[in-house]
Amino acid sequence: RRRERNIASLVNSRLPQKMIDFLKVAGELGQDMGWEVYAVGGFVRDILLARPNFDLDLVVEGDAIAYARRLARQLGGRVKAHVKFKTAVVILDDQRVDVATARLEYYEYPAALPTVELSSIKMDLYRRDFTINALALRINPGRFGQLVDFFGAEQDMKNKAIRVLHSLSFVEDPTRILRAIRFERRFEFQIGGQTLRLIKNALSLDLFSKLSGTRIMHELQLIMAEENPLACLNRMQELGIMEAIHPLLKLSADRVQVLMELGKVNNWYKLLYLEPRVVPWKLYLLGLTMGIKRDQIGQVTSRLRFTTKEEREFLQLRDMIGDALMRLMSWREDKSRLSRLSAILRPIPLEGVLFLMARSRKEHIRRGISQYLTRLRDVTIDVSGTDLQEMGLAPGPAYSAILVRVLEAKIDGRAQTREDQLRLAKRLGRALSRTCKEGDGS
Ligand code: ATP
């Protein structure tokens with residue numbers, strides 16, 4: 001058996017105390033039940049790379065569901081079990097932990113592995129995507145902190161390399177191509193030479209066309225949630241993957257430009273910690289599909305297996321943006337009112353508003369949209385329907401007309417206080433009832 005390095009001191013220095021305590025408890029329970037328990041995957045990788053990661057995955061060389069139930073009972077949490085997959089999720093107040101059973105029968109390996117010689121943790125790790133994700137950390141007492149590295153992950157981390165575990169990896173699961181790119185760009189690693197050849201080979205076999213749109217979309221969503229999605233998309237283009245997904249998705253120079261702007265705007269918004277949060281793929285997909293004609297967009301959304309509802313919403317969003325772009329052209333900061341800008345933007349979902357901000361070359365429009373997002377969209381007025389009733393106005397459609405006008409006035413700084421707003425509402429009410437009477441008379 002290869003020597004296992006003990007990284008307990010690294011674990012202790014890089015994880016929050018709460019997490020260390022949890023791992024200890026989880027290891028002791030494994031010991032009690034007579035099973036080895038490991039932390040695995042990205043969690044272990046990120047300890048070594050000194051990156052915060054609180055998504056803990058445990059693997060038990062035993063019955064994961066029975067283990068998870070006892071762990072939850074001990075810590076006062078809940079369990080969601082997937083009997084078919086022999087996995088469970090332990091849900092605690094401030095933490096979710098995935099627990100899996102180390103199994104021998106994940107895939108049929110064409111390479112006819114000498115299965116009997118492999119421990120179950122080794123088999124479990126062997127089915128994973130890259131060496132850096134195929135690490136395990138023992139947590140049972142006495143062995144706590146021992147790093148299980150069968151495939152040279154530590155060496156690959158030193159060399160900053162993304163490497164698969166065997167040559168059929170991409171044939172088994174082509175989504176790993178997108179995962180390779182995602183990790184490469186995230187860590188600023190390089191996909192290894194042999195691994196890159198295997199990717200090119202898989203692409204030349206057109207394995208992407210057999211991949212379901214749902215799985216591609218899932219990976220695209222993960223890519224777009226990365227710190228720098230454009231770096232991933234550029235790499236995908238370089239390898240011909242964008243067109244392999246759909247010819248209409250070729251990453252043109254124009255699209256790169258817009259995606260860059262979208263990245264900036266997205267980061268700006270993220271730093272403001274405003275609600276709602278951006279759904280990154282909704283934002284970036286607008287850039288990726290820029291220039292595709294309305295009657296062709298369905299080709300892309302159906303390749304990516306959008307539901308009818310998702311497709312309708314995406315088309316609507318694109319239409320709203322097109323319409324808003326036209327209306328924004330005539331908006332002038334000096335002469336037009338902020339309330340008008342607000343009225344243009346209000347019906348548009350956040351991702352659309354950010355897209356408009358990224359697309360606007362005119363500085364005053366960007367500034368206006370920024371004001372809208374940070375201030376205007378949250379403006380509420382201090383008068384209500386009850387106030388209108390107390391003024392003796394008959395309830396009806398006039399109410400919302402008046403309240404909208406009051407809101408506009410407040411946004412434009414013409415009715416800041418409740419008194420101002422009541423006065424304005426009264427005036428509008430009188431004017432409205434006059435026009436109604438005139439209307440009755442004619
Ligand atoms: P992230 O930091 O993006 O969450 P992660 O490594 O934690 O990355 P997950 O998608 O949460 O990634 O997957 C957890 C683990 O499961 C990975 O570390 C990897 O070992 C394994 N895994 C995930 N997807 C695949 C796949 N398509 N093929 C093989 N192994 C996979």
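Residues numbered from 1 in each chain as written. Predicted model: local features only at pLDDT ≥ 70, side-chain atom pairs only at ≥ 80, totals over all residues. Heavy atoms only, no water.

Take a positive patch on the surface next. A cluster of basic residues, Lys426, Arg427, Arg430, Arg434 and Lys437, forms a positive patch on the protein surface. Here Arg427 shows up in helix α22 (residues 418–441). (Patch = residues over 30% accessible without salt bridge, like charges linked within 9 Å, V, L, I, M, F, W, Y side chains within 5 Å. Areas by Shrake-Rupley, 256 points an atom, 1.4 Å probe, with all protein chains shown as cover. Salt bridge = Lys/Arg side-chain N within 4 Å of Asp/Glu carboxyl O. Lys, Arg positive; Asp, Glu negative; His and termini not counted. Charge placed at Lys NZ, Arg CZ, Asp CG, Glu CD. Helix = DSSP H or I, 4+ residues; strand = E, 2+ residues; numbered from the N terminus.)

Turning next to helix α9 (residues 193–204). An ideal rise of 1.5 Å per residue puts 16 Å on 12 residues; α9 measures up with 17 Å between its terminal C-alpha atoms. Buried residues along α9 sit against β9 (161–162), α7 (169–172), α8 (175–187), β10 (190–191), α11 (229–238) and α12 (241–245). (Expected span 1.5 Å × (residues − 1). Contact = heavy atoms within 4.5 Å.)

What follows covers the pattern of salt bridges. Within the structure shown, the criterion is met by 28 salt bridges. As a salt-bridge pair, Arg138 and Glu36 come within 2.9 Å of each other at their nearest N and O atoms. Linking Arg138 in strand β7 (residues 136–138) with Glu36 in the loop between α2 (17–33) and β2 (37–40), this pair joins segments that are 102 residues apart in sequence. A residue is classified by how much of its surface remains accessible, and Glu36, at 16% relative accessible area, is buried. Where Arg182 meets Glu219, a salt bridge forms, and the shortest distance between an N and an O atom there is 4.0 Å. (Buried < 20%, exposed > 50% of the residue type's maximum accessible area, 1.4 Å probe, protein only.)

Quick look at the site of the ligand now. In the neighbourhood of the ligand, 15 residues make up the surrounding shell, with Arg45, Asn133, Asp173, Arg176 and Arg186 lying closest. Here an oxygen atom of the ligand sits 3.2 Å away from a polar atom, N or O, in the main chain of Gly42. In the model, an oxygen atom of the ligand is placed 3.2 Å from a nitrogen or oxygen of the Arg179 side chain. Across the complex, the protein chains shield 74% of the 590 Å² of accessible surface that the ligand would expose by itself. Only α3 (42–48) and α8 provide two or more residues apiece to the shell around the ligand. Here the element with the most residues in the shell around the ligand is α8; it accounts for six residues. (Near = heavy atom within 4 Å. Polar contact = N/O pair within 3.5 Å; in protein donor to acceptor, adjacent residues only side chain to side chain.)

Right, let's get into the packing of aromatic side chains. Counting across every chain of the model gives eight aromatic pairs. Summarising the aromatic geometry, the rings of Tyr126 and Phe151 are spaced 5.9 Å apart at their centres and angled 45 degrees between planes, so their arrangement reads as tilted. Taken together, the residues span a long stretch of sequence, with Tyr126 in helix α5 (residues 120–126) and Phe151 in the loop between β8 (146–148) and α6 (153–158) at a distance of 25 residues. Taking relative accessible area as the criterion, Phe151 reaches 15% and is therefore assigned buried. Clustering of aromatic rings is evident, with ring pairs tying together Phe130, Phe183, Phe187 and Phe189. (Phe/Tyr/Trp six-rings, centres within 6.5 Å; stacked < 30°, edge-to-face > 60°.)

Here we take up the nonpolar core. Core analysis: the biggest nonpolar cluster contains 121 residues, and Leu58, Tyr67, Met236 and Ile241 have the highest contact counts within it. Split by domain, this core shows at least three residues from each of two domains, domain 1 (5–159) and domain 2 (247–378). Not counting the four nearest positions on each side in its chain, Met236 is found in contact with Leu178, Ile181, Leu220, Ile223, Ile241, Met242 and Ile245. (Core = buried A, V, L, I, M, F, W, Y, C linked by side-chain atoms within 4.5 Å. Domains from an automatic or database assignment.)

A few words now on the domain arrangement of the chain. When the parts of a complex come together, some accessible area is lost, and that lost area is often used as the size of the interface. Under the domain assignment used here, the chain contains domain 1 (5–159), domain 2 (247–378) and domain 3 (385–441). In this structure, domain 1 and domain 3 have C-alpha centres spaced 64 Å apart.

Most of strand β6 (residues 95–101) is tucked away: five of the seven residues are buried. Both strand β3 (residues 56–60) and β6 contribute to a ladder of five bridges, which runs parallel. Note that in β6 the partner of Val60 across the bridge is Thr101. Here strand β5 (residues 87–92) runs beside β6; their pairing, made up of six bridges, is antiparallel. Following the sheet pairing, Val89 is matched in β6 by Asp98. (Pairing = 2+ DSSP bridges.)

With that settled, the discussion passes to the pairing of β5. Of all six residues making up β5, five are buried, and the element is well covered by its neighbours. What sits between the antiparallel neighbours strand β4 (residues 78–82) and β5 is a turn of four residues, in which Lys86 has the positive phi angle 55 degrees. The antiparallel hairpin formed by β5 and β6 contains two residues in its connecting segment.

Moving on: α8. Spanning 13 residues, α8 covers 19 Å between terminal C-alpha atoms, matching the ideal 18 Å at 1.5 Å per step. Taking burial as the measure, the 13 residues of α8 include 10 buried ones, the bulk of the element. Regarding α8, the residues found buried are Thr175, Arg176, Ile177, Leu178, Ala180, Ile181, Arg182, Phe183, Glu184 and Phe187. Phi turns positive, to about 55 degrees, at Glu188, one or two residues after α8.

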